[in-house]
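# Structural overview
Chain by chain, the residues:
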Amino acid sequence: MNIIISIFILGFLVAIHEFGHFIVAKISGMYVTTFSIGMGPKIASFQKGETEYVISVIPAGGFVSVKGISGDPDEDNDPDDPRLFQNRPIIHRMLFTLAGPFMNFLTALAALLIFYLALGVNVADNDSPPIIAEVTADSAAASAGLEAGDELLSINGQTIQTWNDVDQLMENYQSGDMDIVFARDGETKDTVLTPAYNESLNRYALGVTKQLESVHQSLSFTQALRQSAFMTAGMSTVIFDAVMDLVTGRTAVNDEEGGLSGPVGIVNAIGDSVSQGVWSVVSLVAILSVNFGLLNMLPVPALDGSRFLFLVIEAVRGIPVSQNKEMLVNLIGVLALGLLMVYVTYNDILNLVN
């Protein structure tokens, strides 16, 4: 069952990615010959107009075939045909290239939007009792002898019931010592504390971390959309940092924590999510979709990022890069990616066995 769900999810993400390329190609007037979900032998296909729509055996892939995009001299194309890929305006070709990854980011945003609209969020409650979670080293609180687990009872004779009360006092603080009464292990104690100025807070602070309870909060559509956009951007940053760690060698490709995963590893991750419930699967779809979109934008031969880089070079030079050179670079990229896929799949299997 996990394999079937994994195939469906991977096929869906590929379909969304390729649909982005497809719809821009159609809108911009390119001649689309094939729209394929999956790679390898065909399972089913049908012809509508000039385009053949195909479902193939291997779900972890897909393509949109546009006349002229391969640069193959054996193709029976009229070189002056305005619908050939290379004859379309460069902005159309750039949008075509970016459309696939854009659809993946949009899918992640939509998945997270559904997630937050359905489940809401748990937020820290500043009305929690003023119990200290952690004391910052070399802070005013540390100098005063406060410790994690202490509960503030009063400051300068004013009773404290919540962290909001503490924040209000600190916002009005100007100078001088503070008489602190606190509870520790059932005993009431007191100390004197002189707050230090905190640059990041732009005010004086005690030098402690709050122990806050959480409260569930439903989100409006606008709030959920804002949270979804924030999370999508955050995931993109994390994934980009992970890729840079791989490129610079700070993380090995076969590292169990920060390395790469192939189809086997992805199927295993999806299986774990399925066991945790539907919303875990929805959040994983968002993560996988961002991964798919971001990795496709890397300037690696055979990926969308490589084609976009060639188009940028064309825009700067005023003339396109030789299609023979681009084909050679992409061929090398396909071979390298194929070898990498075999390697990471081998590591995924080893990790499962071990």
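Everything numeric in this text was worked out from a predicted model, so none of it was measured.

The next thing to look at is the packing of helix α2 (residues 90–119) against helix α7 (residues 278–296). Where α2 contacts α7, the two axes come as close as 8 Å, and the packing angle between them is 160 degrees. With respect to α7, the axis of α2 lies roughly antiparallel. Both α2 and α7 take part in a crossing whose hand is left-handed. Residue-level inspection shows Pro101, Asn104, Phe105, Thr107, Ala108, Ala111, Leu112, Ile114, Phe115, Ala118 and Leu119 of α2 in contact with α7, the latter providing Trp279, Val282, Ser283, Ala286, Ser289, Val290, Phe292, Gly293, Leu294 and Asn296. Split into classes, the residues belonging to the contact of α2 with α7 amount to 15 nonpolar, six polar and no charged.

On to the side chain of serine 154. Counting through the fold element by element, serine 154 comes out in strand β5 (residues 151–155). You can call serine 154 buried: its relative accessible area is 11%. With residues near it in sequence (within four places) discarded, serine 154 still touches Thr159, Ile160, Asp179, Ile180 and Val181.

Under the defined criterion, the tally for this structure stands at nine salt bridges. Between arginine 83 and glutamate 50 there is a salt bridge, with its nearest N and O atoms 2.8 Å apart. With a gap of 33 residues between them, arginine 83 in the loop between β2 (51–66) and α2 and glutamate 50 in the loop between β1 (32–48) and β2 connect regions that are remote in the sequence. Assessed through its relative accessible area of 28%, arginine 83 is described here as partly exposed.

Once that is clear, we can look at the nonpolar core. Across soluble globular proteins, you tend to see nonpolar side chains buried next to one another. The biggest cluster of nonpolar side chains holds 19 residues, and the ones touching the most others in it are Leu146, Leu152, Val166, Met178, Ile180, Leu193 and Leu206. Only β4 (132–135), α3 (140–143), β5, α4 (163–172) and β7 (178–184) provide two or more residues apiece to this core. Per-element tally for this core: the top contributor is α4, with four residues. Among all residues touching leucine 193, those that are not within four sequence positions of it are Ala140, Ala141, Ala144, Leu146, Gly176, Asp177, Met178, Ile180 and Leu206.

On to the confidence of the model for the chain, then. If pLDDT is low for a region, its predicted coordinates should not be looked at in detail. Confidence in the prediction for the chain averages 82 pLDDT; 78% of positions are at 70 or higher. Here helix α6 (residues 263–276) stands out as the least confident element of the chain, with mean pLDDT 61; β5 is the most confident, with 94.

The rules we used
Residues numbered from 1 in each chain as written. Predicted model: local features only at pLDDT ≥ 70, side-chain atom pairs only at ≥ 80, totals over all residues. Heavy atoms only, no water. Axes fitted to C-alpha atoms, helices over the stretch in contact; angles between N-to-C directions. Helix = DSSP H or I, 4+ residues; strand = E, 2+ residues; numbered from the N terminus. Parallel < 35°, antiparallel > 145°, perpendicular 65-115°, else oblique. Left-handed = near helix turned anticlockwise from the far one by under 90°. Contact = heavy atoms within 4.5 Å. Nonpolar A, V, L, I, M, F, W, Y, C, P; charged D, E, K, R; others polar. Buried < 20%, exposed > 50% of the residue type's maximum accessible area, 1.4 Å probe, protein only. Salt bridge = Lys/Arg side-chain N within 4 Å of Asp/Glu carboxyl O. Core = buried A, V, L, I, M, F, W, Y, C linked by side-chain atoms within 4.5 Å. pLDDT = per-residue confidence, 0-100.

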